[in-house]
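So the chains spell out like this:
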Amino acid sequence: MVNLKNIQTEIDASFLYGILADNEDDENVASVFRQMSEIEHGHAVAFMAKNELHLSKLPGPSSRAKILKLIGKVFGYDYILGVMLDTEKGISASVVNSRNKHMSIRSISDTAHVAILKNILDNHPEVSGSTLTRFEKRHRSVGGNALRAAVLGGNDGLVSNFSLVMGIAGAAIGQKEILLTGLAGLLAGALSMALGEWISVKSSQELSENQMQLEMDELETNPEGEEREIALIYQAKGIPQKQARKMAQDIMSNKDNAIAILIKEELGINVEDLKGSAMEAAITSFLLFSVGAIIPVIPFFFLSGTLAILASTVFSAVGLFLIGAAITLFTGKSVWFSGFRQVLFGLSAAAITFGIGKLIGVSVAG
């Protein structure tokens with residue numbers, strides 16, 4: 001029996017790789033994306049033929065794929081590449097787990113399509129080393145993209161503040177008090193998230209900078225020792241000792257090149273990662289949390305009592321469903337399943353806090 005979802009996945013992948021190709025400035029990388037699009041379309045056709053389905057029934061791109069195209073147009077097409085890479089990793093892991101479960105022999109096709117992309121690049125002599133480096137850099141940087149952070153940040157704000165508001169509402173406190181609590185929860189949560197993000201980024205940068213400074217000091221005071229370290233790094237990669245020492249000598253002839261190699265190979269630090277702004281990360285985190293946290297509070301600006309509680313619940317449920325639906329852009333799961341699952345979890349948390357608030361309110365009143 002054919003799995004229609006598999007066919008749709010291949011069609012969507014073909015469509016999205018085509019979008020990446022059409023919007024890629026580097027023709028060599030665009031060529032890779034076009035070939036991947038053809039490969040994915042070929043998979044879909046093969047699925048159809050295997051299950052004796054006429055090609056006239058081949059589906060078009062799904063709504064999810066079209067939304068991703070729109071997101072790429074607005075925010076940049078690296079978002080699409082990030083989603084594709086995450087999807088391929090998930091498919092690869094699923095296939096490998098299935099083979100392990102059934103004790104079947106692994107196939108080279110089990111590996112993620114990222115490996116296929118690298119092979120295509122490696123086997124095209126017209127693709128320069130700088131192009132390959134650029135592609136791999138993008139590969140590393142877009143997997144956990146900012147759009148996912150936006151969705152999760154909004155979810156944190158919505159669930160936490162919805163639960164807080166319902167807890168206070170359960171204690172039968174007045175409209176003004178609930179509104180004040182909701183706004184205080186929004187501000188406190190957003191500031192906490194922003195400060196945590198700032199500390200995380202800043203401390204990581206400072207640690208890396210200290211390590212880099214120490215490495216530069218060691219290079220100045222003990223160049224022979226650093227040369228031996230470089231040689232050992234290459235020996236650990238399987239390069240013969242004599243050749244590794246020659247490579248280390250060549251590298252040490254250029255101090256800037258030597259420190260760059262040591263930072264990358266010995267410390268494992270990507271200098272590009274240090275260019276991010278801690279303040280920008282903090283402000284972004286503040287805004288994302290606030291967007292989600294304001295949703296359950298809105299009705300209390302205009303309503304009071306049971307009507308305000310019901311309106312807040314409806315607003316929050318809609319927000320939770322939209323967040324769950326947005327998550328499917330990365331997971332590929334059913335919009336309805338993911339959306340309603342998010343609603344269920346969010347409403348459950350709010351119901352628990354509402355019940356606790358009710359108990360505390362009765363206890364205090366009694």
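None of these values were measured; they are calculated from a predicted model.

Trainee: Can you help me understand the overall build of the chain in this one?
Mentor: When its secondary structure is counted, the chain shows 14 helices and zero strands. Listed by position from the N terminus, the elements making up the chain come as α-α-α-α-α-α-α-α-α-α-α-α-α-α. Going through the 366 residues of the chain one by one, you find that 37% of them count as buried. Residue pairs in contact within the chain that sit at least 24 positions apart in sequence constitute 70% of those at least 6 positions apart. Per element, the accessible surface of the chain, about 20,800 Å² overall, is 62% carbon and sulfur.

Trainee: Explanation requested: the environment of Ile 298 in the structure shown.
Mentor: Its location among the elements puts Ile 298 in the loop between helix H12 (278-294) and helix H13 (305-331). Each C-alpha atom, one on Ile 298 and one on Phe 315, is 8.4 Å from the other, the two residues being 17 residues apart in sequence.

Trainee: What should I look at first to understand the confidence of the model for the chain in this one?
Mentor: Any segment with low pLDDT has predicted coordinates that should not be analysed in fine detail. The pLDDT averaged across the chain works out to 74; a share of 67% of its residues lies at or above 70. Note on residues 105-112: pLDDT under 50 across the span, and 13 contacts to partners over four residues away in sequence or across chains. For residues 139-145, every residue scores under 50 in pLDDT, and the model assigns this stretch 15 contacts once sequence neighbours within four places are set aside.

Trainee: Where do I start with the packing of aromatic side chains in this structure?
Mentor: Between two aromatic rings, the relevant description is the distance of the centres plus the angle of the planes. Counted under the stated rule, the structure contains five aromatic pairs. With a centroid separation of 6.3 Å and an interplanar angle of 50 degrees, the aromatic rings of Phe 301 and Phe 302 are classed as tilted. Residue Phe 301 is classed as partly exposed on the basis of its relative accessible area of 42%. The interplanar angle of 20 degrees and the centroid separation of 6.0 Å between the aromatic rings of Trp 336 and Phe 340 together place this pair among those described as stacked. One end of the pair, Trp 336, and the other, Phe 340, are both in helix H14 (residues 335-365), four residues apart, so they sit about a helical turn from each other. Judged by relative accessible area, Phe 340 falls into the partly exposed class, the value being 49%. Feature note: the residues Phe 321, Trp 336 and Phe 340 constitute an aromatic cluster, connected by ring pairs.

Trainee: What is the right way to look at the side chain of Ser 37 in this model?
Mentor: One can find Ser 37 in helix H2 (residues 27-50). Residue classification places Ser 37 among the buried positions, given a relative accessible area of 13%. In this view, Ser 37 contacts Ser 14, Tyr 17 and Gly 18; residues no more than four positions away in its chain are not counted.

Trainee: Is there a simple way to explain H12 in this structure?
Mentor: At 3.6 residues per turn, the α-helix brings residues three or four places apart onto the same side. The terminal C-alpha atoms of H12 lie 24 Å apart, and with 17 residues this matches the ideal 24 Å at 1.5 Å per residue to within 8%. Listed as buried for H12 are Ala 278, Ala 281, Ala 282, Ser 285, Phe 289, Ser 290, Gly 292 and Ala 293. The buried side chains of H12 occupy one side of the element, clustering within an arc of 165 degrees when seen end-on. The outward face of H12, more than 90 degrees from its buried face, is lined by the exposed residues Glu 280 and Val 291.

Trainee: Looking at this structure, I do not really get helix H3 (residues 63-75). What am I missing?
Mentor: The first and last C-alpha atoms of H3 sit 18 Å apart over 13 residues, in line with the 18 Å expected at 1.5 Å per residue. For H3, the complete set of buried residues consists of Arg 64, Ala 65, Leu 68, Ile 71 and Gly 72. Within H3, the buried residues cover an arc of 115 degrees as seen down the axis, which keeps them to one side. Opposite its buried face, H3 presents the exposed residues Ser 63, Leu 70, Lys 73 and Val 74, each directed more than 90 degrees away. One or two positions beyond H3, positive phi appears at Gly 76, with a value near 115 degrees.

Trainee: Explain the nonpolar core to me, please; I cannot follow it from the model alone.
Mentor: The nonpolar side chains of a soluble globular protein tend to be buried, and buried together. With 19 residues, the main nonpolar core has Val 165, Met 166 and Phe 300 as its most contacted residues. Secondary-structure elements contributing two or more residues to this core are helix H7 (146-170), helix H8 (175-221), H13 and H14. If one sorts the elements of this core by residue count, H13 sits on top with seven residues. Beyond its immediate sequence surroundings of up to four residues, Val 165 is in contact with Ile 178, Gly 182, Pro 296, Val 297, Phe 300 and Ser 312.

The rules behind these values
- Residues numbered from 1 in each chain as written.
- Predicted model: local features only at pLDDT ≥ 70, side-chain atom pairs only at ≥ 80, totals over all residues.
- Heavy atoms only, no water.
- Helix = DSSP H or I, 4+ residues; strand = E, 2+ residues; numbered from the N terminus.
- Buried < 20%, exposed > 50% of the residue type's maximum accessible area, 1.4 Å probe, protein only.
- Contact = heavy atoms within 4.5 Å.
- Areas by Shrake-Rupley, 256 points an atom, 1.4 Å probe, with all protein chains shown as cover.
- pLDDT = per-residue confidence, 0-100.
- Phe/Tyr/Trp six-rings, centres within 6.5 Å; stacked < 30°, edge-to-face > 60°.
- Expected span 1.5 Å × (residues − 1).
- Arc of directions from axis to C-beta.
- Core = buried A, V, L, I, M, F, W, Y, C linked by side-chain atoms within 4.5 Å.

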